Amino acid sequence: MRTLVTLLALLSCMSIFAQQESPVDTAYFNGTVWAGVEGAQDASVLTVKNGLIRYVGNDLAQTKGAVRKVDLAGGFLMHGFIDNHVHFIEGGAGLASVDLRDANTPELFKQRIADYAADLEPGRWVLFGNWDHELWGGELPTRHWIDAETGDTPVFVMRLDGHMGLANTAALKLAGITRNSVADAEGEIIRDQTGEPTGILKDSAMNPVLAVIPKPSDAEVVDAIKAAQQHALSLGVTQVHAVTANANEVTMLDAFRLAHQQGELQMRAYVLTPLEHWQSSKKLIENEGYGDSTLKWGGVKGFVDGSLGSTTAWFYQPYIDKPETNGFALTKPPALQTLVNEADDAGIKLAIHAIGDQAIDVLIDAFENTAGDQIKARRYRIEHFQHPSKQAIERAAEHGIIVSMQPYHAIDDGRWAEKRIGKDRIKTTYAFKSILDVGGLLSFGSDWPVAPLSPLSGVYAAVTRQTTDGANPHGWQPQEKISVSQALRAYTSTNAYAAFEDDVAGTLEAGKRADLVILNQDPRKIDPGAIPTIQVLSTIIDGKPVYQAD
């Protein structure tokens, strides 16, 4: 009798437990499930339990008992996009600032700044902007374009690459920049025929202006992160690798930590702080580890050179349209080698900006000198890798160096790059296919707000290489086009690998995090030109929807 009572009690407990514990939290079915694993077949069912993927396959029985069932209705389910290179806070703040990204005439450039300045309170600056002088033929703007309309309102608007900015006279006065000011070797003050500054400042010459711009309040910074996050989630981005815009930017991680402490971070962020301040990263890691699954740190970003658009990327040969320069090193090779050695010895992860062919070679040399035959394990990153030689492409692949590229730049820069560096050097410009063909690690992102944040726009750029001016309908340097699947992997699995998270993210496999995005169409099966029109229906992090389309 006692045995029977015990058995009944046990069965009762099991029944209660079964009622309380569902086999899966969410089941997705009736669509295409792209796992992102090379060689894997598409599936039609995915289930999630406790924020992790439990099943990927075609067995509908796996959906039985799910608390929530999502009919994909023929849609496309994949891992959430990971962006390898964003200036997240600047992008968020810029959403509420003057927008010069598509200003295609000097008149429109001037008018937008004037209109924005007219509504500002006294003491506020006109900032960000992201202008591109190539849109109106290549003439650089000057302070005289905007002085009359802005008066005492300081203006410092950046070229979209972040390596050149325009200051009006009010801003130059606050920064103490005069005709007698001298830039260091890592910057340039552009002057008119009389020797007066035009207002254009390049790279380190911008620092005096940046130093006098009022620091935003904590609330303003968190608001910028929230605005950027809302935008990112609507585009299917579940994680960003947030990088610094300059060596003096030491507070970005503090801003992310504040937002996280306030419970405002819905998406994941991997923050890379300035290489020059690697000691701070080391101390933080010793005291607090590498963060958590939402916000992590432990990587640094450095600079070797500037940008092609600002003619500050560092080449062996001079620029075609500015033969007096071949660019310059923002960090001289001996100093670079010392910083790489020290940060690597401290266990810091390295991601370093290099755009020109000489800059890329110098950086690969530094990596080789530091790590020797252990270089693959370090997962070093070269940010941008825009204009390598064929030999540099092969060296990067041989060493397992991650080439962290932003494909939209190809269809943007492709409008004018040849006039900068000529026909020969552009043959390996944005060499996506060449990198993959030699077994290289191709990682994708946006460089937002330099380029649009949308990953689908980036996929379109990598697959079609159709420049934004419509002048290359068959693709600019078309030999470097890649497939949609290759581009998607560059936005997912390779980026997870670059962040040392390939064991928990990047592909849809059982046991990995359920960071997902649902698209209304399969980007592999439509006209590549229509990829930017694909809609993001839902963005999911840890199995929970954080964005739903209306």
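Quick caveat, the model's predicted, so the values are computed rather than measured.

A. How the structure looks around the side chain of Ser 538. Summarising the element assignment, Ser 538 is placed in strand 22 (residues 536–541). A residue is classified by how much of its surface remains accessible, and Ser 538, at 4% relative accessible area, is buried. Looking at Ser 538, its side chain comes within polar contact range of the main-chain oxygen of Tyr 547, at 3.3 Å.

B. A look at the nonpolar core. Ranked by internal contacts, the top residues of the largest apolar core, which has 104 residues, are Phe 88, Phe 256, Phe 367 and Phe 444. The biggest single contributor to this core is helix 11 (residues 357–371), with eight residues. Dropping the residues within four chain positions of it, Phe 88 is found in contact with Ile 225, Ala 228, Gln 229, Ala 232, Val 240, Ala 242, Phe 256, Met 267 and Trp 448. If you look at the next biggest cluster of nonpolar residues, it comprises 18 residues, including Leu 120, Ile 146, Val 155 and Ile 200.

C. Spatial organisation of the packing of aromatic side chains. Summed over the entire model, instances satisfying the criterion amount to twelve aromatic pairs. Aromatic side chains Phe 109 and Trp 131 sit 6.2 Å apart centroid to centroid with 85 degrees between the ring planes, which places their arrangement in the edge-to-face category. Of this pair, Phe 109 sits in helix 3 (residues 106–118) while Trp 131 sits in strand 9 (residues 126–131), and the two are 22 residues apart along the sequence. Trp 131 matches Phe 109 in its accessibility class, with the two residues each being buried. Seen in terms of ring centroids, Tyr 430 and Phe 432 are 6.4 Å apart; in terms of plane orientation they differ by 55 degrees. Their pairing is tilted.

D. Region of interest: the environment of Pro 407. Within the secondary structure, Pro 407 is located in the loop between strand 19 (402–405) and helix 14 (408–413). Spatially, the C-alpha atom of Pro 407 lies 8.6 Å from that of Arg 465, the residues being 58 residues apart in sequence. Ignoring anything within four residues of it in the chain, the contact list for Pro 407 reads Phe 432, Phe 444, Gly 445, Gly 458, Ala 461, Ala 462 and Tyr 491.

E. Representation of the confidence of the model for the protein chain. Confidence along the protein chain averages 94 in pLDDT terms, with 95% of residues attaining 70 or more. Long-range and interchain partners of residues 1–19, a stretch whose pLDDT sits below 50, account for zero contacts in this model, where long-range means more than four residues apart.

F. How the structure looks around the sheet that holds strand 5 (residues 68–71). A sheet is described by the order of its strands in space; here four strands give the open sequence 4-3-1-5, paired in mixed fashion. A strand with exactly one partner marks an edge of an open sheet, and here the two such strands are strand 4 (52–57) and strand 5. Each strand of the sheet is rotated relative to its neighbour by a mean of 15 degrees, with strand direction disregarded. Bridge count between strand 1 (residues 26–29) and strand 5: four bridges; the pairing is parallel. Of the residues in strand 5, the one forming a bridge with Phe 29 is Asp 71.

G. Spatial organisation of helix 8 (residues 252–261). Here helix 8 has its buried residues at Met 252, Leu 253, Ala 255, Phe 256, Arg 257 and Ala 259. Contact partners of the buried residues in helix 8: helix 2 (88–94), helix 7 (218–234), strand 14 (237–243), strand 15 (268–274), helix 9 (278–288) and strand 16 (295–303). Downstream of helix 8 by a residue or two, Gly 263 has a phi angle that is positive, lying close to 75 degrees.

H. View of unusual backbone geometry. With an omega dihedral of 10 degrees, the bond running from Trp 448 to Pro 449 counts as a cis peptide bond. By secondary structure assignment, the location of Pro 449 is in the loop between strand 20 (441–444) and helix 17 (455–464). Backbone geometry places Asp 447, a non-glycine residue, at a positive phi of 70 degrees. For Asp 447, the position within the fold is in the loop between strand 20 and helix 17.

I. Quick peek at the environment of Ala 27. Take Ala 27: it is sitting in strand 1. For Ala 27, a relative accessible area of 0% corresponds to the buried category. Residues Ala 27 and Gly 511, spaced 484 residues apart in sequence, show a C-alpha to C-alpha distance of 15 Å. If sequence neighbours within four positions are ignored, Ala 27 has contacts with Leu 46, Thr 47, Thr 63, Ala 66, Arg 68, Lys 69 and Val 70.

J. Focus on the packing of helix 7 against helix 8. Two numbers describe how helix 7 lies on helix 8: the axes approach to 9 Å, and their chain directions differ by 80 degrees. When the interaxial angle is binned, helix 7 and helix 8 end up roughly perpendicular. In contact with Asp 218, Val 221, Val 222 and Ile 225 of helix 7, helix 8 contributes Ala 255, Phe 256, Leu 258 and Ala 259. Partitioning the contact of helix 7 with helix 8 into residue classes produces seven nonpolar, no polar and one charged.

K. Structural view of helix 10 (residues 333–345). Across its 13 residues, helix 10 extends 18 Å between first and last C-alpha, which sits within 8% of the 18 Å expected from 1.5 Å per residue. Within helix 10, the full set of buried residues consists of Leu 336, Gln 337, Leu 339, Val 340, Ala 343 and Asp 344. For helix 10, the arc enclosing every buried residue in end-on projection is 165 degrees, short of the 170-degree limit, so these residues lie on one face. Every exposed residue of helix 10 that faces more than 90 degrees away from the buried side is listed here: Pro 334 and Asp 345. Count one or two residues on from helix 10 and you reach Gly 347, which has phi positive near 80 degrees.

Quick notes on the rules
- Residues numbered from 1 in each chain as written.
- Predicted model: local features only at pLDDT ≥ 70, side-chain atom pairs only at ≥ 80, totals over all residues.
- Heavy atoms only, no water.
- Helix = DSSP H or I, 4+ residues; strand = E, 2+ residues; numbered from the N terminus.
- Buried < 20%, exposed > 50% of the residue type's maximum accessible area, 1.4 Å probe, protein only.
- Polar contact = N/O pair within 3.5 Å; in protein donor to acceptor, adjacent residues only side chain to side chain.
- Core = buried A, V, L, I, M, F, W, Y, C linked by side-chain atoms within 4.5 Å.
- Contact = heavy atoms within 4.5 Å.
- Phe/Tyr/Trp six-rings, centres within 6.5 Å; stacked < 30°, edge-to-face > 60°.
- pLDDT = per-residue confidence, 0-100.
- Pairing = 2+ DSSP bridges.
- Axes fitted to C-alpha atoms, helices over the stretch in contact; angles between N-to-C directions.
- Parallel < 35°, antiparallel > 145°, perpendicular 65-115°, else oblique.
- Nonpolar A, V, L, I, M, F, W, Y, C, P; charged D, E, K, R; others polar.
- Expected span 1.5 Å × (residues − 1).
- Arc of directions from axis to C-beta.

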